[in-house]
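# Architecture at a glance
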Amino acid sequence: MPENRTVKTALSHIDQDPSKVLGLTVGPHTNIKPGQYIPKADAQSPPSLTFNAPSPSTTYMVIGLDIDAPFPSFGVLGPILHWIQPGLKANNSELEITKPFVANYIGPAPPPGSSSHRYVFLLYEQPEGFDGAKYAPANGQNLSNWHRMRYDLDAWAKEIGLGEVVAGNYFRSN
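Here is what the cut-offs are and how they apply
- Sequence order as written defines the numbering, with residues in each chain counted from 1.
- With the structure being a predicted model, the display of local features is reserved for residues of pLDDT at least 70 and the display and counting of side-chain atom pairs for 80 or more, all residues being used for whole-chain, interface and lining totals.
- With hydrogens and water excluded, all non-hydrogen atoms of the structure serve as input to the side-chain values.
- In this description a helix means any DSSP run of H or I spanning at least four residues, a strand means any run of E spanning at least two, and both kinds are numbered starting from the N terminus.
- Two things to know: the radius of gyration comes from C-alpha atoms, and the globule rule equals 2.2 Å times the number of residues to the power 0.38.
- Throughout, the Shrake-Rupley method with a 1.4 Å probe supplies accessible areas, and for residues the shown protein chains are the sole cover considered.
- Here the positive residues are Lys and Arg and the negative ones are Asp and Glu; neither His nor the chain ends is included.
- We put the charge of a Lys on NZ, of an Arg on CZ, of an Asp on CG and of a Glu on CD.
- Here's how the labels work: a residue is buried when its accessible area is under 20% of the maximum for its type, exposed when over 50%, partly exposed in between, all with a 1.4 Å probe on protein chains only.
- Here, strands pair whenever DSSP counts at least two bridges between them.
- Salt bridges are identified by distance alone: a Lys or Arg side-chain nitrogen within 4 Å of an Asp or Glu carboxyl oxygen.
- For Phe, Tyr and Trp, where Trp contributes only its six-membered ring, two rings pair if their centres lie within 6.5 Å, and the inter-plane angle classes them as stacked under 30 degrees, edge-to-face over 60, or tilted in between.
- On a scale of 0 to 100, pLDDT captures the predictor's confidence in every residue.
- Working rule for contacts: check all heavy atoms of both residues, and any pair within 4.5 Å makes them a contact.

## Some thoughts on the overall build of the protein
Counting its regular elements, the protein contains two helices and eight strands. Put simply, the protein runs from its N terminus to its C terminus through helices and strands in the order α-β-β-β-β-β-β-β-α-β. Relative to the globule expectation of 16 Å for 174 residues, the C-alpha radius of gyration of the protein, 15 Å, shows essentially globular dimensions. Projected onto its principal axes, the C-alpha positions of the protein cover 45 × 35 × 30 Å. As displayed, the protein has an accessible area near 8900 Å², and 51% of this comes from carbon and sulfur atoms. Here the protein contributes 13 positively and 15 negatively charged side chains, and the mean placements of these two sets differ by 4 Å.

## Observations regarding the pairing of strand E5 (residues 80-91)
The element E5 is largely enclosed, with a buried count of 10 among its 12 residues. By the bridge criterion, four bridges tie E5 to strand E6 (residues 94-97) in an arrangement that is antiparallel. Bridged to Asn-91 within E6 is Glu-94. Adjacent in sequence and paired antiparallel, E5 and E6 are bridged by two residues, among which Asn-92 carries a positive phi angle near 60 degrees.

## What about the pairing of strand E4 (residues 59-66)?
Burial analysis of E4 places seven of its eight residues in the buried class, the great majority of the element. Summarising the sheet, E4 and strand E7 (residues 117-125) pair through seven bridges and their orientation is antiparallel. Bridging across to E7, Gly-64 finds its partner in Phe-121.

## Brief notes about the pattern of salt bridges
Counted under the stated rule, the structure contains one salt bridge. When the shortest N-O distance is used, the salt bridge between Asp-68 and Arg-118 registers 2.7 Å. Taken together, the residues Asp-68 in the loop between E4 and E5 and Arg-118 in strand E7 connect sequence positions 50 residues apart. The class of Asp-68 is buried, set by a relative accessible area of 5%. Take Arg-118: its relative accessible area is 31%, and that puts it in the partly exposed class.

## Here we look at unusual backbone geometry
Following Ala-69, the chain continues to Pro-70 via a peptide bond in cis, the omega torsion being -5 degrees. You can see Pro-70 is positioned in the loop between E4 and E5. Here the amide bond leading from Gly-78 into Pro-79 is cis, since omega sits at -10 degrees, within 30 degrees of zero. Within the fold, Pro-79 resides in the loop between E4 and E5. If you check the backbone angles, Asn-92 has positive phi at about 60 degrees while not being a glycine. Position of Asn-92 among the secondary structure elements: in the loop between E5 and E6.

## Points about the packing of aromatic side chains
Using the criterion set out here, one finds eight aromatic pairs in the structure. Taken together, a centroid distance of 6.3 Å and an interplanar angle of 75 degrees make the contact between Trp-83 and Phe-121 edge-to-face. Here Trp-83, found in strand E5, pairs with Phe-121, found in strand E7; they are 38 residues apart in sequence, far enough to count as distant. Here the two residues Trp-83 and Phe-121 agree in accessibility, since each one is buried. By the ring-pair criterion, three or more aromatic residues cluster together here, those being Trp-83, Tyr-105, Tyr-119, Phe-121 and Phe-171.

## Here we look at the confidence of the model for the protein
For the protein, the mean per-residue pLDDT works out to 93, and 98% of the residues sit at or above 70. By mean pLDDT, helix H1 (residues 5-16) is the weakest element of the protein at 86, and strand E2 (residues 36-37) is the strongest at 98.

## A few points about the side chain of His-82
Secondary-structure assignment places His-82 in strand E5. Residue classification places His-82 among the buried positions, given a relative accessible area of 5%. Not counting residues within four places of it along the chain, the set of residues in contact with His-82 comprises Gly-64, Leu-65, Asp-66, Asn-104, Tyr-105, Ile-106, Gly-107, Pro-108, Tyr-119 and Arg-148.

Structure follows, in structure tokens:
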């Protein structure tokens, strides 16, 4: 299982600094607090994101992961990639999507009998010149599950030149 130090660091920042909490609306649930429980049926569509961006000209990228797959006590397949969405632009505090996804959003789907999983969303400033088409499946196809398992965020962040996490949040679901 990849170590993903980035996720551990982001979770500690979320707990320590409220300004680092990414605004999430998931289905009918608004203003999601870190660790809040959301039924999986309510989280099958991509969340809406809010963030008080310091500059409206900055472009952001969000990455979503299930860090407890397949079971919190047995994470051999995790983390599982749930979303990579580049091209987010601030419109007031809302982040609007301006580019195609790199990895389409998939909702929570813990296996039967599992305790709740943590679904983490990390916001980054998008690297200058990032070309999402280079990393996305051809012709806007959905990313296969095979490419989602054991996702090494740290390696990908290094490859594309991602900086530090700007904001993050997570919810639990099963």
